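Descriptive analysis of the structure
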Amino acid sequence: MTEIPASAITAASDVRTVYSRLRRRLREVANLGDLTPSQTSVLSRLSKDGPATASMLATLERIRPQSMATLIAALAERGLIERTPDPTDGRRQQISLSAEGRQIVEGSRREREEWLAAELARDFTEAERQTIISAMALLDRLAS
């Protein structure tokens, strides 16, 4: 096994720490009411990927199907999702965002992006913002 350079260990720790703090701040900025992080994640996934079955969502979210059923029930009770028969298998249901669910996800995303852009404009120089853009491209390569 190859030895991991100290710079890689430091970078890994720094990325994890900053990522966690930034996520926490973005969650504070988001106007999601009393939605749990799991409910928010399901809504975001439906917004990004489109309709899915409960079993597909459970697999993608890496939770038990029973836990997903509970999440879906809570989101449906609030009117944030819709259930329709699966066109290929009538025994299953497709889960999709309702108009209200889409409005919440898009509004929250817009609020977070506006906050982040304003903070970057206020606290960072153009050169620093360009450095962040370059670093994000590298981190995206890591995540792909």
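Residues numbered from 1 in each chain as written. Predicted model: local features only at pLDDT ≥ 70, side-chain atom pairs only at ≥ 80, totals over all residues. Heavy atoms only, no water.

1. Describing the overall build of the chain
From N to C terminus, the chain includes six helices and three strands. Counting from the amino terminus, the chain carries its helices and strands in the arrangement α-α-β-α-α-β-β-α-α. The C-alpha atoms of the chain give a radius of gyration of 19 Å, which is well past the 15 Å a tight globule of 144 residues would have. With the principal axes as the frame, the chain shows a C-alpha extent of 55 × 45 × 25 Å. Taking all 144 residues of the chain together, the buried fraction comes to 24%. When contacts within the chain are restricted to residue pairs at least 6 apart in sequence, those whose partners lie at least 24 apart make up 50%. Carbon and sulfur atoms form 55% of the exposed surface of the chain, whose accessible area is close to 10,400 Å². With 21 positive and 20 negative side-chain charges, the chain shows a separation of 4 Å between the mean positions of the two kinds. (Helix = DSSP H or I, 4+ residues; strand = E, 2+ residues; numbered from the N terminus. Rg over C-alpha atoms; globule rule 2.2 N^0.38 Å. Buried < 20%, exposed > 50% of the residue type's maximum accessible area, 1.4 Å probe, protein only. Contact = heavy atoms within 4.5 Å. Areas by Shrake-Rupley, 256 points an atom, 1.4 Å probe, with all protein chains shown as cover. Lys, Arg positive; Asp, Glu negative; His and termini not counted. Charge placed at Lys NZ, Arg CZ, Asp CG, Glu CD.)

2. Structural notes on unusual backbone geometry
With phi around 60°, Arg62 is a residue other than glycine that occupies positive phi space. Here Arg62 is to be found in the loop between α3 (54-61) and α4 (65-77). Residue Arg62 is classed as exposed on the basis of its relative accessible area, which comes to 76%.

3. What about a nonpolar patch on the surface?
Together, Val15, Tyr19, Met136, Leu139 and Leu142 make up a nonpolar patch on the protein surface, roughly 500 Å² of accessible area in all. Here the nonpolar patch takes three residues from helix α6 (residues 126-143), the largest share from any one element. The residue Met136 is located in helix α6 in this model. Owing to a relative accessible area of 47%, Met136 belongs among the partly exposed residues under this scheme. (Patch = residues over 30% accessible without salt bridge, like charges linked within 9 Å, V, L, I, M, F, W, Y side chains within 5 Å. Salt bridge = Lys/Arg side-chain N within 4 Å of Asp/Glu carboxyl O.)

4. Side note on the side chain of Ser98
Position of Ser98 relative to the elements: it lies in the loop between β3 (93-97) and α5 (99-123). Sequence-distant contacts of Ser98, that is, excluding residues within four places in its chain, are made with Gly79, Leu80, Ile81 and Glu82.

5. Brief notes about the sheet that holds strand β2 (residues 81-85)
Here we have three strands laid out as an open sheet, ordered β1-β3-β2, and antiparallel in their pairing. Two strands bound the open sheet, and with one partner strand each, they are β1 (52-53) and β2. Two elements, β2 and β3, share five bridges in a ladder whose sense is antiparallel. Across the sheet, residue Pro85 finds its bridge partner in β3, namely Gln93. (Pairing = 2+ DSSP bridges.)

6. Here's the deal with the pattern of salt bridges
Going through the model one piece at a time under the given rule, you end up with ten salt bridges. Among the ionic pairs, Asp86 bridges to Arg92, the shortest N-O distance being 3.5 Å. Among the residues examined, Asp86 registers a relative accessible area of 6% and is labelled buried. According to the relative accessible area criterion, Arg92 is partly exposed, its value standing at 36%. For Arg91, the salt bridge is made with Asp89, and the minimal N-O distance between the two is 3.0 Å. The exposure class assigned to Asp89 is buried, which follows from its relative accessible area of 17%. Taken together, the shared-partner salt bridges connect Asp86, Asp89, Arg91 and Arg92 into one network.

Bear in mind that shape data such as this cannot, by itself, settle questions of function.
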